[in-house]
Amino acid sequence: TMDTETTEAVPAQFQRQLAAVMEPYLDLKNALVASDAEQATTAAGQTGQVLDKVDMSLVKGQAHQQWMNSLAKMQEALASRQSDASLEAQRKALAPLSEAFYQSIQQFEVTGLEAYYQYCPMADNNQGAYWLSEQEEVNNPYFGEAMLSCGETRKTLK
């Protein structure tokens, strides 16, 4: 039997559009692993463009509200680096972007991503911060070569 409460079905089209954000996001994350501020700026712009293409009219009611929330957090994180494109600012913005993106992936049950949700306790002034990666091996985008392998995988997305 289908429980109508939980299966307010998320349209596959919406899930696909949200999944498409992963590619530019990973470019951004990898640019930060490589400490390449210029490439990170480019990738952040592309992430924003793909985010803008997600059709929010595909989700209704509570789901629509949740998406608006997450989207606002992601857009704010991406916008924050436009005034300051330094590596430090780019890295700081990755944390809220990653958390909101991960939350969306979970909320809207996006599958087929083959990604790892990773965590570094020392990032963000020892507050700790997360990121998504296409590989299980930890390559830390918050510190790059300074502390490349600092962190651990907390969740595996399939």
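Just above, that's the structure.
Residues numbered from 1 in each chain as written. Predicted model: local features only at pLDDT ≥ 70, side-chain atom pairs only at ≥ 80, totals over all residues. Heavy atoms only, no water.

## A closer look at the nonpolar core
In terms of nonpolar packing, the biggest core is built from 44 residues, with Met 22, Tyr 25, Trp 67, Phe 101, Phe 108 and Leu 132 touching the most fellow members. The greatest single-element share of this core, amounting to seven residues, is contributed by helix H5 (residues 87–107). The contact partners of Trp 67, leaving out residues within four places of it in the chain, are Phe 14, Leu 18, Leu 51, Val 54, Met 56, Val 59, Met 74, Ser 104 and Phe 108. (Core = buried A, V, L, I, M, F, W, Y, C linked by side-chain atoms within 4.5 Å. Buried < 20%, exposed > 50% of the residue type's maximum accessible area, 1.4 Å probe, protein only. Helix = DSSP H or I, 4+ residues; strand = E, 2+ residues; numbered from the N terminus. Contact = heavy atoms within 4.5 Å.)

## A short note on the sheet that holds strand S3 (residues 152–157)
Either a parallel or an antiparallel arrangement is found when strands of a sheet pair, and the pairing is made through backbone hydrogen bonds. Reading across the sheet, the three strands line up as S2-S1-S3 and stay open at both edges, with antiparallel pairing between neighbours. Strand pairing shows two members of the sheet lacking a second neighbour, strand S2 (129–133) and S3, which therefore form its edges. Across the sheet, the axes of successive neighbouring strands diverge by a mean angle of 25°, strand direction being ignored. Bridge count between strand S1 (residues 115–120) and S2: five bridges; the pairing is antiparallel. (Pairing = 2+ DSSP bridges. Axes fitted to C-alpha atoms, helices over the stretch in contact; angles between N-to-C directions.)

## Re the packing of helix H2 (residues 22–33) against H5
The geometry of H2 relative to H5 is characterised by a closest axis approach of 11 Å and an angle of 145° between their N-to-C directions. As for how H2 packs across H5, the hand of that crossing is left-handed. Judged by residue contacts, Met 22, Tyr 25, Leu 28 and Leu 32 of H2 engage Leu 87, Gln 90, Arg 91, Leu 94, Leu 97, Ser 98, Phe 101 and Ile 105 from H5. Considered class by class, the residues forming the contact of H2 with H5 number nine nonpolar, two polar and one charged. (Left-handed = near helix turned anticlockwise from the far one by under 90°. Nonpolar A, V, L, I, M, F, W, Y, C, P; charged D, E, K, R; others polar.)

## Remarks on the packing of aromatic side chains
Per the stated rule, a full pass over the model turns up eight aromatic pairs. Between the aromatic rings of Phe 14 and Phe 108, the centroid separation amounts to 5.0 Å while the plane-to-plane angle is 65°, which identifies the pairing as edge-to-face. Of the two residues, Phe 14 is situated in helix H1 (residues 12–19) and Phe 108 in the loop between H5 and S1; the sequence distance between them amounts to 94 residues. By the burial criterion, Phe 14 is buried, and Phe 108 matches it. Their ring planes at 45° and their centres at 4.6 Å tell us that Tyr 119 and Tyr 130 sit as a pair that is tilted. Here Tyr 119 is found in strand S1, whereas its partner Tyr 130 is found in strand S2, with 11 residues between them in sequence. Put simply, the rings of Tyr 102, Tyr 117, Tyr 119 and Tyr 130 touch in pairs and so form one group of aromatic residues. Over the face of the ring belonging to Tyr 119 we find Arg 154, whose NZ or CZ atom lies 4.1 Å from the ring centre. (Phe/Tyr/Trp six-rings, centres within 6.5 Å; stacked < 30°, edge-to-face > 60°. Lys NZ or Arg CZ within 6 Å of the ring centre and 35° of its normal.)

## Remarks on the pairing of S1
For S1, the tally of buried residues reaches six of six residues, placing the bulk of the element in the interior. Of the two faces of S1, both are covered, the one formed by Ala 115, Tyr 117 and Tyr 119 as well as the one formed by Tyr 116, Gln 118 and Cys 120. Direction of pairing for S1 relative to S3: antiparallel, over a ladder of five bridges. Of the residues in S3, the one forming a bridge with Tyr 117 is Lys 155.

## What about the side chain of Gln 17?
Along the chain, the position of Gln 17 falls in helix H1. There is a polar contact of 2.7 Å between the side chain of Gln 17 and the backbone nitrogen of Asp 55. For Gln 17, the contacting residues outside a window of four places in its chain are Val 50, Lys 53, Val 54, Asp 55 and Leu 58. (Polar contact = N/O pair within 3.5 Å; in protein donor to acceptor, adjacent residues only side chain to side chain.)

## Side note on the environment of Gly 151
Mapped onto the fold, Gly 151 is located in the loop between S2 and S3. Residues in contact with Gly 151, not counting those within four places in the same chain, are Tyr 119, Cys 120, Trp 131 and Val 138.

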